[in-house]
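# Structure at a glance
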Amino acid sequence: KVYSWSRDQWRAVMNLVERVKGILLQPKSEWGAIEGEPGNAGYLIPNYVAIVAAIPAVCSFIGTTLIGVDGYRIGIGLGLASAIVLYVLSLIGVFILAYVIDFLAGTFGARKSPDNAMRVSAYAPTAAWVAGVFNIIPLLSFLSILGLYSFYLLYTGITGLMRPPTDKAIIYTIAVIVCAIIVWMVIFFFVRLLFGA
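### A word on the nonpolar core
The biggest cluster of nonpolar side chains holds 39 residues, and the ones touching the most others in it are Tyr-48, Val-49, Ile-101 and Tyr-172. Of all the elements, helix H5 (residues 76–105) adds the most residues to this core, at 8 residues. With 5 residues, the next largest nonpolar core counts Leu-86, Leu-89, Val-183 and Val-191 among its residues.

### Brief notes about the pattern of salt bridges
Tallied over the full model, the rule gives 7 salt bridges. Its salt-bridge partner being Arg-19, residue Glu-30 comes within 2.6 Å of it at the nearest N-O pair. Taken together, the residues Glu-30 in helix H2 (residues 27–35) and Arg-19 in helix H1 (residues 7–25) connect sequence positions 11 residues apart. Each member of the pair, Glu-30 together with Arg-19, is buried. When the shortest N-O distance is used, the salt bridge between Arg-111 and Glu-35 registers 2.4 Å. In this pair, Arg-111 sits in the loop between H5 and helix H6 (114–123) while Glu-35 sits in helix H2, placing the two residues 76 residues apart along the sequence.

### A short note on unusual backbone geometry
Unlike most non-glycine residues, Arg-163 shows phi in positive territory, near 50°. In this fold, Arg-163 is placed in the loop between helix H8 (149–162) and helix H9 (166–195).

### Quick notes on the layout of surface pockets
Approximately 1000 Å³ is the volume found for the largest pocket. As for the largest pocket, its lining consists of 36 residues, and the residues nearest its centre are Pro-56, Leu-86, Ala-128, Trp-184 and Phe-188. Mapped onto the lining of the largest pocket, the elements with two or more residues apiece are helix H4 (54–67), H5, helix H7 (126–131), H8 and H9. When residues in the lining of the largest pocket are grouped by element, the largest group, 7 residues, is from H9. Approximately 230 Å³ is the volume found for the second largest pocket. Surrounding the second largest pocket, Ala-12, Asn-15, Leu-16, Arg-19, Glu-37, Tyr-43, Pro-46, Asn-47, Tyr-48, Ile-51 and Tyr-123 form its lining. Where the lining of the second largest pocket is concerned, the elements lending two or more residues are H1 and helix H3 (41–52). Looking at the lining of the second largest pocket element by element, the count peaks at 5 residues for H3. Of the residues belonging to the lining of the second largest pocket, the class tally is 7 nonpolar, 2 polar and 2 charged.

### Points about the packing of aromatic side chains
Throughout the structure, instances matching the rule amount to 5 aromatic pairs. A centroid spacing of 6.3 Å and a plane angle of 80° characterise the contact between Trp-31 and Tyr-123, whose relative ring orientation is edge-to-face. Of this pair, Trp-31 sits in helix H2 while Tyr-123 sits in helix H6; the two residues are 92 residues apart in sequence, bridging distant segments of the chain. Plain terms: the ring middles of Tyr-99 and Phe-103 are 5.8 Å apart, the flat faces sit at 20° to each other, and that makes the pair stacked. Linking Tyr-99 with Phe-103, this pair stays in helix H5, spanning 4 residues, or about one helical turn. For the residue pair Tyr-99 and Phe-103, the accessibility class agrees, reading exposed in each case.

Conventions we followed
Residues numbered from 1 in each chain as written. Predicted model: local features only at pLDDT ≥ 70, side-chain atom pairs only at ≥ 80, totals over all residues. Heavy atoms only, no water. Core = buried A, V, L, I, M, F, W, Y, C linked by side-chain atoms within 4.5 Å. Buried < 20%, exposed > 50% of the residue type's maximum accessible area, 1.4 Å probe, protein only. Helix = DSSP H or I, 4+ residues; strand = E, 2+ residues; numbered from the N terminus. Salt bridge = Lys/Arg side-chain N within 4 Å of Asp/Glu carboxyl O. 1 Å grid on protein atoms, 1.4 Å probe; cavity = no way out; pocket = protein on both sides within 12 Å on 5 of 7 lines; lining within 4 Å. Points joined across faces, edges and corners; volume = space filled by probe spheres on them. Nonpolar A, V, L, I, M, F, W, Y, C, P; charged D, E, K, R; others polar. Phe/Tyr/Trp six-rings, centres within 6.5 Å; stacked < 30°, edge-to-face > 60°.

By themselves these figures say nothing about function.
What follows is the structure in structure tokens.
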């Protein structure tokens, strides 16, 4: 029997594609729609983060094990283990970033809201995750720099959902970005330490 997708499964895929497109192309209006949706990890992780965060891990696996650079490829086992660790650490990073966003909210006069902090943390990295598709061809992986657009998404998410005073919005965002960079540096340090890649 050939498995075919149900109408609900196709609708879920199309909703995911529309959300990615919306957050990348019209972030300010998209945050308003996001605020009306569930903000707990039980909803955001399986319905969005777990899927979109898999893009760089899967593409890196393909790029490093099947395509390679100048004929050099790493083994399937090492590539798979590296991709799994990168993926799991990315998911952990979402939780850590949400905590940082909510923790710093009071410092910058924003409203504390764990759900909104989780929404921002779940959707702001979208550009970085989508840009991970360039890892599929290692020679193009430098184009992953386009993922820096996620910093702008973070800013629009913080201003739209955490609502800091206008004069503190940029400083609040910079503080979160600094913490996010530290988190991601630690994540990639551990991946490099474990796998040397």
